[in-house]
Each structure stands twice: as structure tokens, then as C-alpha cells.
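A closer look at the structure
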Amino acid sequence: MRNDDDGADPVDTRLGVRLAELRAEHGWSLGELADRSGVSRSTLSRAERAEISPTASLLNRLCAVYGRTMSQLLSEVEAEPAPVVRAADQPLWQDQASGFVRRSVSPPHSALRGELVEARLSPGADIAYDRPPVAGLEQHIWVLEGALDVTAQDTEHHLGTGDCLRMRVWGPTRFRCDAPEGVRYLLAVVRP
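Residues numbered from 1 in each chain as written. Predicted model: local features only at pLDDT ≥ 70, side-chain atom pairs only at ≥ 80, totals over all residues. Heavy atoms only, no water.

Thoughts on the sheet that holds strand E10 (residues 183-190)
The sheet built from six strands is open, its strands ordered E1-E2-E3-E10-E5-E8 with antiparallel pairing. Each edge of the sheet is formed by a strand with only one pairing partner; in this case those strands are strand E1 (92-95) and strand E8 (164-169). Here the strands of the sheet are splayed against their neighbours by 25° on average, with no regard to which way each runs. One ladder, built from six bridges, connects strand E2 (residues 100-106) with strand E3 (residues 114-121); its direction is antiparallel. Residue Phe 100 lies in a different strand from E3, and its bridge partner there is Leu 121. (Pairing = 2+ DSSP bridges. Helix = DSSP H or I, 4+ residues; strand = E, 2+ residues; numbered from the N terminus. Axes fitted to C-alpha atoms, helices over the stretch in contact; angles between N-to-C directions.)

Here it is as C-alpha cells:
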């Protein structure tokens, strides 16, 4: 999410710092990270300097390399999570390029394996992840409003309002919204 009036969004700035820290912790150059993630060196550099707002696909690739979920990564740039997270305090992240809006309803905590995410996709949104952020990640996708097409393990699932898909993620996944009103769904994530 960018704020063109003030430069980089504060979350993007903190995220860029955290991405640079993770790379340094692993002792990798930008070239090594590019080789491991399949993301160009220039894109990685621009993300670390908060010159771009990372897309969901880019963050997913980096999460896969670092062995953490997107929620874990995003929680690392937020304040320490509290036991009760008021609706107004739930972190919101947007990938404007894909029409994806993500609210961390119950942000991850180091002592817990599960988390809840509210997600919205705009009509026509199509997001493909080439790998899971963590192999064997358990996901429960409950459609609250609209319709969602999810492809996992070469099987496409069409979900309507009230439907729930349960799966473990081992390979590529794709989330598509052909519904004219968009889709809102709850994603329950459980680390293996």
C-alpha cells in the first residue's frame, strides 16, 4: 500500500527493513536471494528500499524461501500482538495490482500455530502462487460473500457463499474471482 503524498507507506518501509534483515540473517547477497526466490535482484532491492509496494506473489516467493507464512512476515513489522485484537486494530494489507485486500483478524503469535485472515478479491482478480510459503500448510477457506475459484493440486474448486474448502498446500495454488460483486472469505491458516 503506497501513500503517494508522503512517499512510501510506513508498513512498506518497515517491511522493506525486515526483508533486508532476513536476507542479512541468512548471509545472502541480492543475487543469491534472487536465485533462490526467482525474483529479480532489482525488484528485491526496490522492495527492501520501499521503492515499490510488494505484491502478494512476491511476498509469497520470499516467504517460501524464508520458511514463514505471509501473516508471520507481516506480523514481524507490526507491534507485538495482543490477546484481543479489536477490529479497528487488525492490520490491513493491500496488493492493489491484483485487487487483493487482506486483514489479519488474529495475527500470528510465536506460541500458536493458527491464525485467521479475512480476504477480499475484486471482480476479475486472479492470483497465482507458484509454491506454498510453508510446505504442508493447512488452510480452511470459508466464503462469506460472493464466489471464489481455488485451484490446488491440479483440482479446481468452485466455492459459493457458505462453502468451505479444507486443504494442505504442497504445490502451486490459484485464487480467482469471476463474481461481479467480488468475494469476501475467511482463511484459517495452521502451520504444520
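Remarks on the pairing of strand E5 (residues 137-146)
In the sheet, E5 pairs with E8 via six bridges, with the strands oriented antiparallel. Each bridged residue has a counterpart across the sheet, and for Gln 139 the counterpart in E8 is Met 167. As defined by bridge partners, E5 adjoins E10 across eight bridges and the pair is classed as antiparallel. Opposite Glu 145, over in E10, you have Arg 184 as the bridge partner.

Some words on the sheet that holds strand E4 (residues 126-129)
Pairing is antiparallel in the open sheet, where four strands are placed in the order E4-E9-E6-E7. Strands at the two margins of the open sheet, each flanked by one partner only, are E4 and strand E7 (155-159). Neighbour-to-neighbour, the strand axes of this sheet turn through a mean angle of 15°, independent of strand direction. As defined by bridge partners, E4 adjoins strand E9 (residues 173-176) across four bridges and the pair is classed as antiparallel. From the neighbouring strand, Ala 128 faces E9, where its bridge partner is Arg 174.

Some thoughts on the pairing of E7
Summarising the sheet, strand E6 (residues 148-152) and E7 pair through five bridges and their orientation is antiparallel. Directly across from Thr 151, in E7, lies its bridge partner Glu 156. The loop that links E6 with its antiparallel partner E7 comprises two residues; one of these, Gln 153, has a positive phi angle of about 50°.

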